[in-house]
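Remarks on the overall topology
In case you want the letters, here they are:
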Amino acid sequence: MTAPASPLRVMGIGAHPDDLELTCAGTLAKYRSLGNHVTMCHIAGGDRGATSGTRAEVARIRRAEAGSAAALIGADYINLGVSDGEVDASNEHQKLLVTEAIRTARPDVIITHSAGDYMEDHNQASALAFTASFLATLPLYESDSPPLDAVPALFYMDTMAGLGFQPTEFVDITEQLDTKREMMRLHSSQLVWLEQHDEMDVLGQISTIAAYRGLQSGVRFAEAFAPCSAHLRTRTTRLLP
Ligand SMILES: [Zn+2]
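Just so it is clear, the structure is predicted and the values come from calculations on it, not from any experiment.

Rules used in this analysis
- Residues numbered from 1 in each chain as written.
- Predicted model: local features only at pLDDT ≥ 70, side-chain atom pairs only at ≥ 80, totals over all residues.
- Helix = DSSP H or I, 4+ residues; strand = E, 2+ residues; numbered from the N terminus.
- Rg over C-alpha atoms; globule rule 2.2 N^0.38 Å.
- Buried ≥ 20, exposed ≤ 12 C-beta atoms within 10 Å, placed from the backbone.
- Pairing = 2+ DSSP bridges.
- Axes fitted to C-alpha atoms, helices over the stretch in contact; angles between N-to-C directions.
- Left-handed = near helix turned anticlockwise from the far one by under 90°.
- Contact = placed C-beta atoms within 7 Å.
- Nonpolar A, V, L, I, M, F, W, Y, C, P; charged D, E, K, R; others polar.
- Core = buried A, V, L, I, M, F, W, Y, C linked by C-beta atoms within 7 Å.
- Arc of directions from axis to C-beta.

1. Quick word on the overall build of the protein chain
Helix and strand content of the protein chain: eight helices and seven strands. Against the 2.2 N^0.38 benchmark of 18 Å for 241 residues, the protein chain shows a C-alpha radius of gyration of 17 Å, consistent with a compact globule. Projected onto its principal axes, the C-alpha coordinates of the protein chain cover approximately 45 × 45 × 30 Å. Split into buried and exposed, the 241 residues of the protein chain put 48% on the buried side.

Following this line, the structure appears as structure tokens:
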């Protein structure tokens with residue numbers, strides 16, 4: 001496959017603040033280093049990802065953390081503020097929110113969760129990205145911004161811990177791994193929460209998964225993806241960096 005000629009507009013759509021950082025941030029950083037435009041969008045506010053504090057306060061902290069992580073690579077950041085545990089692909093208001101976010105970012109390529117991940121918000125975010133990226137092209141689906149000219153290509157990113165995911169495409173992130181870890185480190189509230197709630201060492205997990213996907217693809221560190229191969233989503237050029 002040949003590489004596309006002009007800079008791409010790329011959009012990551014994750015469920016919670018830190019999901020893109022955990023899963024595809026190396027690829028987003030690589031896109032940026034190659035001169036492409038990147039928007040990071042989290043659908044939920046992260047408001048239930050803490051053991052204490054008000055939900056509004058937790059959401060405020062997490063939005064700021066995600067904004068800092070996006071800024072580290074020069075990406076735009078959008079948070080749609082849906083409550084944790086309530087991401088719902090059948091909800092018309094959420095479809096409209098995600099459609100407007102996509103029309104704002106105007107992506108050629110969207111990266112989102114795989115179906116079958118460990119947390120239902122992730123699966124619903126995946127379905128919302130699929131549905132809304134089609135709706136975004138319909139002139140009579142009204143939102144504040146004009147419709148897209150074409151249905152964006154869509155890639156599904158690794159699941160949490162890589163479980164149940166069969167990748168077919170890989171991105172070498174050897175040069176971006178430190179940046180990816182730094183983006184996650186900026187979610188300082190989550191380093192504590194994930195350790196307490198899930199006994200999860202996220203920075204260790206990032207390195208372990210990157211090494212495992214690297215082993216599978218012949219490089220030191222990699223991220224794994226599978227393309228959406230539905231009608232209007234396929235391309236003749238390689239879109240991943
Ligand atoms: Zn999540």
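2. Section: the pairing of strand 1 (residues 9-14)
Taken residue by residue, a regular strand's side chains alternate between the two faces of the sheet. Along strand 1, five of the six residues are buried, which leaves the element largely enclosed by surrounding structure. Where strand 1 meets strand 4 (residues 109-112), four bridges bridge the pair, whose relative direction is parallel. Paired with Gly 12 across the two strands is Ile 111, which belongs to strand 4.

3. Focus on the packing of helix 4 (residues 92-105) against helix 5 (residues 120-135)
Between two packed helices, the angle of one axis relative to the other and the distance separating the axes together describe the packing. The contact between helix 4 and helix 5 brings their axes to 8 Å, and the two run at 65 degrees. In this structure, helix 4 meets helix 5 at a crossing whose hand is right-handed. On helix 5, the residues that touch Gln 94, Lys 95, Val 98, Thr 99 and Ile 102 of helix 4 are Leu 128, Ala 129, Thr 131, Ala 132, Ser 133 and Leu 135. Partitioned by chemical class, the residues of the contact of helix 4 with helix 5 number six nonpolar, four polar and one charged.

4. With respect to unusual backbone geometry
A positive phi is found at Arg 106, a non-glycine position, where the angle reads about 50 degrees. By the secondary structure assignment, Arg 106 is in the loop between helix 4 and strand 4. Taking the number of C-beta atoms within 10 Å as the measure of exposure, Arg 106 has 16 and is therefore partly exposed. Unlike most non-glycine residues, Leu 232 shows phi in positive territory, near 80 degrees. Note on placement: Leu 232 falls in the segment after strand 7 (222-227). The class of Leu 232 is partly exposed, set by 13 C-beta atoms lying within 10 Å.

5. A look at the nonpolar core
Core analysis: the biggest nonpolar cluster contains 67 residues, and Leu 28, Ile 43, Val 98, Val 109, Ala 129 and Phe 155 have the highest contact counts within it. Apart from residues lying up to four places away in sequence, Val 98 is in contact with Ile 43, Leu 80, Leu 128, Ala 129 and Ala 132.

6. Remarks on the sheet that holds strand 6 (residues 169-172)
Within a sheet, neighbouring strands are paired by backbone hydrogen bonds and run either parallel or antiparallel to one another. Strand order in the open sheet made by the seven strands is 3-2-1-4-5-7-6, with mixed pairing throughout. Each edge of the sheet is formed by a strand with only one pairing partner; in this case those strands are strand 3 (76-82) and strand 6. On average, each strand axis in the sheet is inclined to that of its neighbour by 25 degrees, with strand direction left out of account. Contacts from helix 2 (residues 25-33) reach strand 1, strand 2 (37-44), strand 6 and strand 7 within the one sheet, and its direction differs from that of strand 2 by about 150 degrees. Helix-sheet contacts for helix 3 (residues 55-72) involve strand 2 and strand 3, and the interaxial angle to strand 3 is about 160 degrees.

7. Here we look at the environment of Leu 80
Along the chain, Leu 80 falls in strand 3. The class for Leu 80 is partly exposed, based on 18 C-beta atoms found within 10 Å. For Leu 80 and Ala 44, which are 36 residues apart along the polypeptide, the C-alpha to C-alpha distance reads 6.1 Å. Excluding its chain neighbours within four sequence positions, the residues that come into contact with Leu 80 are Cys 41, Ile 43, Leu 97, Val 98 and Ala 101.

8. Focus: the environment of Glu 57
Residue position: Glu 57 is located in helix 3. Given 12 C-beta atoms within a 10 Å radius, Glu 57 is considered exposed. Considered as a pair, Glu 57 and Asp 47 are 10 residues apart in the sequence and their alpha carbons are 7.7 Å apart.

9. A word on helix 2
For helix 2, the tally of buried residues reaches eight of nine residues, placing the bulk of the element in the interior. Listed in full, the buried residues belonging to helix 2 are Ala 25, Gly 26, Thr 27, Leu 28, Ala 29, Lys 30, Tyr 31 and Arg 32.

10. Focus on helix 7 (residues 188-198)
Among the residues of helix 7, Gln 190, Trp 193 and Leu 194 are the ones counted as buried. Taken down its axis, helix 7 places every buried residue within 95 degrees of arc, on the same side. Pointing more than 90 degrees away from the buried face of helix 7 are the exposed residues Ser 188, Val 192, Glu 195 and Gln 196. Backbone geometry just after helix 7 places Glu 199 at a positive phi near 50 degrees.

Scope: geometric values only; no functional claims are made or implied.
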